[in-house]
Protein chains: 2
Amino acid sequence: MTTTATDAQPAAEHPLDPIWRPRATAIVGVSSRQSGNRGGGFLQSIMEQGYHERHGLYPVNPKMTEINGLKVYPSVLDCPDPVDHVISQVPAPVVPQLVEECIQKGVRSIHFFTAGFSETGDPERAALERQVLAKAKAAGIRVIGPNCMGLYVPGVGLAFMGNFPKEPGNVFLLSQSGANAGDIVGGLGRRGVRFSKVVSYGNGADLDAQDFFDYAAWDPQTEVVTAYIEGVKNGRAVFEAMKRCAAVKPTIVLKGGLSAAGARAASSHTGSLAGSVDVFEAACRQAGAIRAENMDELHDLVVAMTTRLRTVRGRGVALVGGGGGFAVLSADAIAQNGLDTPPLPEATQEKLREFIPVAGTSVRNPVDTNVMGGPDGRRRMRDTLTIVGQAEPIDTLLATVGGWDDWRDDSASADGAGSGDADPALQGSSGSRVERAREAAGDLGALQGLVAKPFVAVQRDRTGGDRDASRAFLDEAYFQGVAVFSTVHRASRTIGRILDWRARRAGLPEIF
Amino acid sequence: MTTTATDAQPAAEHPLDPIWRPRATAIVGVSSRQSGNRGGGFLQSIMEQGYHERHGLYPVNPKMTEINGLKVYPSVLDCPDPVDHVISQVPAPVVPQLVEECIQKGVRSIHFFTAGFSETGDPERAALERQVLAKAKAAGIRVIGPNCMGLYVPGVGLAFMGNFPKEPGNVFLLSQSGANAGDIVGGLGRRGVRFSKVVSYGNGADLDAQDFFDYAAWDPQTEVVTAYIEGVKNGRAVFEAMKRCAAVKPTIVLKGGLSAAGARAASSHTGSLAGSVDVFEAACRQAGAIRAENMDELHDLVVAMTTRLRTVRGRGVALVGGGGGFAVLSADAIAQNGLDTPPLPEATQEKLREFIPVAGTSVRNPVDTNVMGGPDGRRRMRDTLTIVGQAEPIDTLLATVGGWDDWRDDSASADGAGSGDADPALQGSSGSRVERAREAAGDLGALQGLVAKPFVAVQRDRTGGDRDASRAFLDEAYFQGVAVFSTVHRASRTIGRILDWRARRAGLPEIF
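Residue numbering note: each chain is counted from 1, following its sequence as written. As a convention, the first chain written is A and the first ligand written is 1, with the rest following in written order. Note on the predicted model: pLDDT of at least 70 is required for a residue's local features to be given, and 80 or more for side-chain atom pairs to be given and counted; whole-chain, interface and lining totals, by contrast, use all residues. The basis for every side-chain value is the complete set of heavy atoms in the structure, and neither hydrogens nor water enter the calculation.

Requested: an account of unusual backbone geometry, with residues and values cited.
Here Gly145 of chain A and Pro146 of chain A are connected by a cis peptide whose omega angle stands at 0 degrees. Numbered from the N terminus, helices here are DSSP runs of H or I no shorter than four residues, and strands are runs of E no shorter than two. Its location among the elements puts Pro146 of chain A in the loop between strand 7 (142-144) and strand 8 (150-152). Even without a glycine there, the phi angle at Asn147 of chain A is positive, about 70 degrees. For Asn147 of chain A, the position within the fold is in the loop between strand 7 and strand 8. The phi dihedral of Asn163 of chain B falls on the positive side, at around 65 degrees, and the residue is not glycine. Among the structural elements, Asn163 of chain B can be located in the loop between strand 8 (150-152) and strand 9 (171-175). Only protein chains enter the accessibility calculation, which uses a 1.4 Å probe. A residue is then buried if its area is under 20% of the maximum for its type, exposed if over 50%, and partly exposed in between. Relative accessible area serves as the criterion here: at 65%, Asn163 of chain B is assigned to the exposed category.

I'd like to hear about the domain arrangement of chain A, residue by residue, with values.
Residue and element names in this part refer to chain A. Segmentation into domains, and thus their bounds, comes from an automatic or database assignment. According to the domain assignment, chain A contains domain 1 (17-305) and domain 2 (308-504). By convention, the term buried area covers the 1.4 Å-probe accessible surface removed from two parts as they join, with the contributions of both added. In total, domain 1 and domain 2 occlude about 1,800 Å² of area from one another, counting both sides; carbon and sulfur atoms represent 49% of this. Area buried by domain 1 at its contact with domain 2 is led by Arg191, Ala304 and Met305, which between them contribute 29% of it. Any carboxyl oxygen of Asp or Glu within 4 Å of a side-chain nitrogen of Lys or Arg constitutes a salt bridge here. For the pair domain 1 and domain 2, the interface holds five salt bridges. A salt bridge links Glu297 to Arg493; the shortest N-O distance between them is 2.4 Å. Here a polar contact means two N or O atoms within 3.5 Å. Within protein one must be a hydrogen donor candidate and the other an acceptor candidate, and residues neighboring in sequence count only if both atoms are side-chain atoms. Applying the counting criterion to the domain 1 and domain 2 interface returns 10 residue pairs in polar contact (both at pLDDT 80 or more). Residue assignment for the side of domain 1 that touches domain 2 shows that the elements contributing at least two residues are helix 9 (277-287), strand 13 (290-292) and helix 10 (295-305). Here the side of domain 1 that touches domain 2 takes seven residues from helix 10, the largest share from any one element. Counted by class, the side of domain 1 that touches domain 2 contains nine nonpolar, three polar and eight charged residues. For this scheme, ten residues count as nonpolar: Ala, Val, Leu, Ile, Met, Phe, Trp, Tyr, Cys and Pro. Four count as charged, namely Asp, Glu, Lys and Arg, and the remainder, Gly too, count as polar.

Before we move on, could you go through the state of the cysteines and cite the residues and values that matter?
All names here are of chain A. Note on terminology: disulfide denotes any pair of cysteine sulfur atoms within 2.5 Å. Inspection of the entire model under this criterion finds zero disulfides over all chains. Of the cysteine sulfurs around Cys79, a residue in no disulfide, the closest is that of Cys102, at 9.5 Å. Overall, Cys79 belongs to the buried group, its relative accessible area being 4%. For Cys284, which is in no disulfide, the shortest distance to another cysteine sulfur is to Cys245 and amounts to 12 Å.

Account for the pattern of salt bridges, naming residues and giving values.
Residues and elements named next belong to chain B. This structure, assessed with the given rule, holds 55 salt bridges over all chains. The partner of Arg291 in a salt bridge is Glu281, with the nearest N and O atoms 2.6 Å apart. Pair noted here: Arg291 is in strand 13 (residues 290-292) and Glu281 is in helix 9 (residues 277-287), with a separation of 10 residues, a long-range link. By relative accessible area, which is 9% here, Arg291 ends up buried. Since its relative accessible area comes to 18%, Glu281 is described here as buried. Note that Asp443 is salt-bridged to Arg382, the shortest N-O span being 3.3 Å. A residue pair is termed long-range when its members are at least 10 positions apart, and Asp443 in helix 14 (residues 433-451) and Arg382 in helix 13 (residues 377-390) qualify at 61 residues. For Asp443, a relative accessible area of 8% translates into the label buried.

So what about the packing of helix 14 of chain B against helix 15 (residues 467-479) of chain B? Which residues, and what values?
All names here are of chain B. Note on method: axes are straight lines fitted to C-alpha atoms, helices fitted across the in-contact stretch only, with angles between N-to-C directions ranging 0 to 180 degrees. Taken N-terminus to C-terminus, the directions of helix 14 and helix 15 make an angle of 25 degrees; their axes are 8 Å apart at the nearest point. As judged from the angle between their axes, helix 14 and helix 15 are roughly parallel. Crossing of helix 14 over helix 15 shows right-handed handedness. Listed contacts from helix 15 to Arg433, Val434, Ala437, Arg438, Ala440, Ala441, Gly442 and Leu444 of helix 14 are Asp468, Ala469, Ala472, Phe473, Glu476 and Ala477. Oblique is the label for any angle not covered by the other classes, which are roughly parallel (under 35 degrees), roughly antiparallel (over 145) and roughly perpendicular (65 to 115). Crossing handedness follows the turn of the near helix against the far one: under a right angle anticlockwise gives a left-handed crossing, and clockwise gives a right-handed one. The contact definition used throughout considers only heavy atoms, calling two residues in contact when any of these lie within 4.5 Å.

Before we move on, can you summarise the packing of aromatic side chains with the specific residues and values?
Residue and element names in this part refer to chain B. In this scheme Phe, Tyr and Trp rings, the latter by its six-membered ring, pair at centre separations within 6.5 Å, and the angle between planes marks the pair as stacked below 30 degrees, edge-to-face above 60, and tilted otherwise. Considering all chains together, one arrives at 22 aromatic pairs over all chains under this definition. Seen in terms of ring centroids, Phe172 and Tyr215 are 6.0 Å apart; in terms of plane orientation they differ by 50 degrees. Their pairing is tilted. Taken together, the positions of Phe172 in strand 9 and Tyr215 in helix 6 (residues 209-218) put the pair 43 residues apart, joining distant regions of the chain. What makes Phe172 buried here is its relative accessible area of 0%. For Tyr215, a relative accessible area of 0% gives the class buried.

Explain the environment of Arg190 of chain A to me, using residue names and the numbers behind them.
Residues and elements named next belong to chain A. Relative to the helices and strands, Arg190 resides in the loop between helix 5 (178-189) and strand 10 (195-200). Taking the relative accessible area as the measure of exposure, Arg190 reaches 28% and is therefore partly exposed. As for Arg190 and Val72, which are separated by 118 residues in sequence, their C-alpha atoms are 35 Å apart.

Account for the pairing of strand 12 (residues 251-255) of chain A, with residues named and values stated.
Residue and element names in this part refer to chain A. With five of five residues buried, strand 12 is to be regarded as a mostly interior element. Going residue by residue along strand 12, you find Thr251, Val253 and Lys255 tucked away on one face and Ile252 and Leu254 tucked away on the opposite face as well. DSSP-based pairing: two strands are paired if at least 2 bridges between them are found. Of the pairings in the sheet, the one linking strand 11 (residues 224-229) to strand 12 comprises five bridges and is parallel in character. Paired with Ala227 across the strands is Val253, a residue of strand 12.

Before we move on, could you go through the sheet that holds strand 8 of chain B and cite the residues and values that matter?
Residues and elements named next belong to chain B. Overall, mixed pairing links the six strands, which are arranged 8-10-9-11-12-13 in an open sheet. The strands lining the two open edges of the sheet, one partner per strand, are strand 8 and strand 13. Going from strand to strand, the sheet's axes swing by 15 degrees on average, the running direction of each strand aside. Judged from the three bridges that link them, strand 12 (residues 251-255) and strand 13 form a sheet pairing that is parallel. Residue pairing across strands places Ile252 opposite Ile290, the latter belonging to strand 13.

Could you give me a rundown of the sheet that holds strand 16 (residues 455-459) of chain A, with the residues and numbers involved?
Residue and element names in this part refer to chain A. A sheet is described by the order of its strands in space; here four strands give the open sequence 14-15-16-17, paired in parallel fashion. Taken across any chain shown, the strands that pair with only one partner, and hence form the sheet edges, are strand 14 (317-320) and strand 17 (483-485). The mean angle between the axes of side-by-side strands here comes to 25 degrees, regardless of whether they run parallel or antiparallel. Where strand 14 lies against strand 15 (residues 396-401), four bridges are found, and the strand directions are parallel. Its bridge partner lying in strand 15, Leu319 is registered against Leu398.

Put into C-alpha cells, the structure is as follows:
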C-alpha cells in the first residue's frame, strides 16, 4: 500500500512543489564533527540516500577543502550554479550574511538547522529572526525553520537522519519537532510505512503548518497526511488548511503541549503557545481530521489508513486464534473499545465444524480452531478465515499470529496425513519459519481481497520469538494491505477511531 | 530484586505446602506426540527444568516402554514408591480408574490437564467431574483443575511449558488460564521478573482462587502476588482470601470476562460466570488489592511492585533526557496520568548549569542535558541524575535510555578532553554498547539508592536498536531494582496506580 496516487493529477503546479526537489543543495557550516543523529549529520544522511549521485551537493566551510570525498566550497557564492536549497548549520549571528549570499546566488529555499532565535524568549534574538525572514521573503526565498531538521524526501535523496528508508511512500508528515519526526519515520518504517515527504519545521517563522497542510492536500504523491504540532501562530489559517486537507485525504494530527506541563516544555522547545485539549479536539472534529491522543495512536492510525483497514464499515469483529484465556481478555478489550464480537450464525458454525474437531475448540466467536498444528493446516486455516470472513455480522477479521512453528503446510510432506507430530525443530520440515510467516501474510492479504473486508493481524510475541519471521510477516502483511498491531486493544481502539471519524464526516465527501 | 524473603518465616506449615514440592511425579498418558507448547509437553518441560535429576519422574503409558531416556511404566501402581503428584493427560472417561489407582498409591495431588468436564456445559460431564472430585477428596487427594496446565515451580523443577526460567523468584501467580499464565511468565520473564510458584487451575473444581490466595499470603518465598481470574464460584471466600493476602503482600488481580462478550468467551473456556467491572473493582478496593485493567497493566504493576518503584510516595516526576518534542509529549502523558513535572528549584537549576551548556538544553524539568555525547559524559550524567534526584519536589526520577552510542565514558580515552567526536562506530572505543548499557543500569541502581527515591527507566528503541544492549540494560536494571517501561505513558500510569492503591489502604498496615 505504498503505491503512489496517479489518478486526479492536479493540473497546475503548487507554489511549494519546487522546494521538495532542489536541483542542487549546499550545506553551509559542515564540519568533520557532524555525525551521528545529533543534528549535524545532514551531509552523511543525504549522501546515504545517494542525492549526490543525481544532484549537486556542495559542502560549504571556508576552513576545509574536502569532506567524504566531496569538494568543500568557501562560500555559497563559490558553489557551481544553480543552488536551489541551502541547509544552514552556522551560528545565528552569521545568518544575515548567509542570507545575503543566498539572495545573490538565486537560492529558492533555506532550511535553518540553526537554533537560538525566537524560541529562546530573548527579544534581540526574536528580532534577528524577523529581520532575516523579511530579507529572505523580499527576495522570494522560502524559509524552513529555524531550529529544525528540515526535509526528508526519499524520492529525491534528501534526509536529515541516517538509516531512513530510501524508498518513497504515500504518507506526508509535517512535524515541528525533528526528534519526533525521526521517531515517526523510524517507528512507522519498522511497520512498513513509507513517506512521500517529511518536513521538520521548528519555529515555523515563514513556512508553517497551514502551508504544509495546503501542499500535502495538493501533492499527488501523498495519500495520507499526519502532523505533529506544538503551537499554532495563526489558528484560523491552520484550521482552514487542515480542513481543506482532511476533506480530500485522511489527516491525523498529534498536538503536543495540551497539558500545562507539556505547554511549559513546548514553550522552551519551539517557542510555542499551546491550547487546551477541548479546543483542539473540537477543531479537529470540525475540520474532519483525526486527533491522535499520543504517539502510539498516531502510528496505529497511519498504519490503518494506509491498509485496507481504512475501509472498515461496522463494529462487528471476529477474532480467530489465540487460545481460551487470550480470547476472554480480547473479547473484553474489543468491547471496551465500543466494538462487538457477535456470535457467528449457525450456518457458519456448521461449516466450520465440518473440519474443526469439537474438543478444546470454539467456533462461536472468538474462534479458536486449533487447526494449524496438523497436516493440511494451512488449507484448513485458509478455509476458516474465508468462512468466518464471509459471515454476515462480521466487518473486520482479527487474526492472531505468531509461533510460526504452527503456521505450516504439511499437505505435501512425506509422512503425510494423520501424523500431526509437532516436532519442535520444524524449521526446514516444510519451509523455514520465515517462509511460513510470509505465506501466512500472503494468505491474509489474498483472503481479505476475496471476502472484501479488512483483515487485521495481531502479532503476539509470546516466547521472545523468531525476529526474522516476525519481520518477514510484518513486511509482507503491510505490502498486502493488512494492518498489523501489537495488541488486540490497540487494533480495536484504532478501528473504533476510524468508525467515529467516518461517522463525523457525514456531510463531507467519502474519501474511501 | 528476585531475592527470597527470609524474615518472618511462618512457624506452622501451610496445608498446601507439600503440593509444590512433590518427591516424585508421574505423568499419566504420555505419548511420543507430546511436544511443543500445545499442552502435551509436560514431560519435556519438566525434564528441561532438571526435575528428574533430583526427583522421581515416571512417565506412564501401557503401550510404551521408554521415552526421552526414561523408563515408561504401565500404570501408576507400577511406579516406584512414593508418587506424590500425578499429571493426568488421559481422556475424561478413563479418569475414574486413574483416581482409583492414585488412591491406592497414596498420591497427594492430581493435576488434570484433561479437559471435557463441567466447562463443556454437558450435565453428564459435569456429573463425572463431581464424582471424580468426591472420590479424591474422600481419600485426601487435592485436585488441580481439571482443564488446566498445573504447576510451575522453578525451585523444584516443575514446569508446564518449555523455555520457562529455571531460577526461582518472589512472585506468586494463580491463573485460571494456562495460556495467559504462559504469557505472564514469558512476558514478565523478559522484563527480569522471576516466580516463586505459578498455578494454572482451570475449572478450579477443588483447589480454587481462595486456596491459592491463602497459600500465597503464607508462602515465605512469595513477596508479590498476582492473579488472572475468569470466574468465581464462592465470591465471599475469594474476597476474604484476597483481602487476607492483600493485607500482607501487594496483590494484583486481572479479571477476564468483565464485558458481556468476554463473559461469553469465559463461559466456554473455564465454565465461569463473570461479574461486572464495578462489582469487581469495588471488591478489589475493599480488599486492598489492585485491579489490573488489562494484561499490559498487570505486567507493569508486577514490575513496579518488585522494584524500588513500589516505595514511591508522591506525584512529582522529573524527566531526564529524550529531546525537545519527546519532552513535550512526555510532560503531557505524565499530566494525563495525574502526576506533576514540577519545575526544579532555582538552586538545583544553578547546580546543573555549572556543567550543562545553555544552547539546546533545558534544566527546568523536563531536563534535557545533552551531556552524554562528549568526553566525561558518564560522570556528568551521574551528576545530573544525582542533583535532579535530590531536588525536593521530585518523588520519582524518570530517565529515558537507549541509543547506547551516547552512554559512554570517554574520561579515560586516549584522545582525551575536548575531542567530543561522535564517531558512529563507537563500539569498542570505550567498551561495547552492551557494556555501556550495563554501566548505565548500574548507575541508575546505585544513584536511586544514594538519593533514596525510585529511579525509573523508559527504554526507547528509536532505530530498531541494539537488541543485545537493550537486553543487557533491562536485565541489569531490574537486578538493581530499577523498573523499566516501554513508554512514559505506561510508567506514569503505573506510578499513578500505586499512589492510588496506597491512598486507599489508609486503614491497613503499610506493606512497604
